[in-house]
Amino acid sequence: MTDSLTTADGAPAAPAGCPAHAGAVELNSLQFQQKTAELYRELRRVHGAVAPVALDGGVPAWLVLGYREVHYVTSNDQLFARDSRRWHAWDSIPADWPLLPYVGYQPSVLFTEGPEHRRRSGAISDALGAVDQFELQTVCERIADTLIDAFVGSGEADLMADYAHQLPLLAIVRMCGLPDSEVDDLVHDLTVSLDAGEGDDPVAAYQRVQDRIQRLVEAKHRRPGPDVPSRLLAHSAGLTDEQIVQDLISVIAAAQQPTANWIGNTLRLMLTDERFSVTLSGGRRSVGQALNEVLWEDTPTQNFIGRWAAQDTELAGRRIRRGDLLVLGLAAANTDPQVRPDAAAGAAGNQAHLSFSHGEHQCPYPAPELAEVIAKAAVEVLLDRLPDVVVAVDAESLVWRPSIWMRGLESLPVEFTPGPALRG
Ligand code: HEM
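What comes next concerns the included structure. (Residues numbered from 1 in each chain as written. Predicted model: local features only at pLDDT ≥ 70, side-chain atom pairs only at ≥ 80, totals over all residues. Heavy atoms only, no water.)

Inside soluble globular proteins, nonpolar side chains tend to come together where they are buried. Ranked by size, the top nonpolar core spans 81 residues in total, and within it Leu159 and Tyr163 carry the most contacts. By residue number, the principal contributor to this core is helix H12 (residues 241-272), which donates 13 residues. Dropping the residues within four chain positions of it, Leu159 is found in contact with Phe151, Ala164, Leu267, Leu271, Leu382, Leu412 and Val414. The next biggest cluster of nonpolar side chains, apart from the first, holds 28 residues, and it includes Leu43, Leu55, Val103 and Ile404. (Core = buried A, V, L, I, M, F, W, Y, C linked by side-chain atoms within 4.5 Å. Buried < 20%, exposed > 50% of the residue type's maximum accessible area, 1.4 Å probe, protein only. Helix = DSSP H or I, 4+ residues; strand = E, 2+ residues; numbered from the N terminus. Contact = heavy atoms within 4.5 Å.)

Attention now moves to the packing of aromatic side chains. Enumeration according to the criterion identifies nine aromatic pairs in this entry. A centroid spacing of 6.5 Å and a plane angle of 80° characterise the contact between Phe151 and Tyr163, whose relative ring orientation is edge-to-face. Taken together, the positions of Phe151 in the loop between helix H6 (133-149) and strand E5 (156-158) and Tyr163 in helix H7 (residues 160-164) put the pair twelve residues apart, joining distant regions of the chain. Summarising the burial analysis for this pair, Phe151 and Tyr163 share the class buried. Taking 6.2 Å as the distance between ring centres and 55° as the angle between the ring planes, the aromatic pair formed by Phe151 and Phe416 counts as tilted. In this pair, Phe151 sits in the loop between H6 and E5 while Phe416 sits in the segment after strand E11 (413-415), placing the two residues 265 residues apart along the sequence. By relative accessible area, Phe151 is classed as buried at 6%. By relative accessible area, which is 7% here, Phe416 ends up buried. Members of the aromatic cluster, each reached through a chain of ring pairs, are Trp87, Trp90, Trp97 and Trp308. Its guanidinium or amino end placed over the ring of Phe111, Arg82 lies 4.8 Å from that ring's centre, counting from NZ or CZ. (Phe/Tyr/Trp six-rings, centres within 6.5 Å; stacked < 30°, edge-to-face > 60°. Lys NZ or Arg CZ within 6 Å of the ring centre and 35° of its normal.)

Next up on the list: helix H16 (residues 367-385). At 3.6 residues per turn, the α-helix brings residues three or four places apart onto the same side. Its 19 residues give H16 an end-to-end C-alpha distance of 27 Å, which sits within 8% of 27 Å, the value for a rise of 1.5 Å per residue. Of all 19 residues in H16, 14 are buried; the element is thus mostly enclosed. (Expected span 1.5 Å × (residues − 1).)

Everything listed here is a matter of coordinates, which is why it stays silent on function.
Given below as structure tokens:
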């Protein structure tokens, strides 16, 4: 794979005058997404713990591959900060840059720093902390049954489109107390805004999401309920409506894709790896093991963009300039041989992975717990309902989506014996 460490089409990936980025590798190509473990291993071999890479359009960045280095960067939020307006490269970023929606500054919790971040993130933690996890599990099991009912009679399904992508979104909008009559439209618009297909207009869809969440917050002012928006409104942090709208959209978007891919990657593992298939029928315990193994080996948020250097500094022997962009290589860090010299031994009960990141901006407590409740219910109900489910294609031919952020399958086609729907 050595010769793949050149730029796509041999084109220079870095702007002139940036020697550190000469030969930087384009990260998002489909080719690399099929073999990310090899890519990270090779980058580490050639460049060490911090590698020069090119994002879409040849935009230069540093990929932080080492476990200790990701830990260091995320622990030092004053030196490696989160507000993307710190980037020195904005002048060269085109208006239609594909990564703009989630890298461009928005006045949400994601891009705030210091005490303002703690205020907003603390309110989110408190609002999520009041979610009853047993009730959430029941809600997720019901959603899972309804989704399975829609395809159980046909004997085949694509578990990504028909199941994994839908379930977390339905769970999270219910946590937000959205009226049932609005759930379908919001789920549709969110899906288009996060993951637009051909002919979709993600910007218009995003605007409709914003309008709907705005109306939801207004409605919760008049009639509070046992839901996340009402708790944010009542919180002592004293957030404005505009902040709450922004942060609710961030919570929903931050939950959807990673949890969907956590479900998808776990189902793939359990259905293609015989260590799990032999225990499927009595497999409740192995679901927990598979969920944890995925966080180490195929973590959903494989890279996170990012952090921006607040001043000139050094990292793993690299000179980092103020305003440089650092991409957190969470998947690479999880498989760093410095901390996992014997990766083949497996992760077992160890949960010291960086899949939920670390430090000030890590996935806020108790979001990882809620995500696990959702993912576990999704996997368990599916295996209970479709006991003879098998992947319908050769496991080697499953395609990973070409995304720098997410590690998730394009589709997961399965077959099973058709059965009856549970709900009329
Ligand atoms: C119920 C499901 C979830 C919710 C509500 C949620 C919520 C959030 C929120 C609000 C943030 C922004 C934190 C901040 O900037 O202060 C965040 C960040 C993050 N979340 Fe989650 N999340 C969920 C599931 C997941 C899952 C399943 C994963 C991966 C396994 C994940 C990985 C991350 C990562 C890597 C970050 C970035 C942290 C950083 O900037 O360092 N999340 N999440």
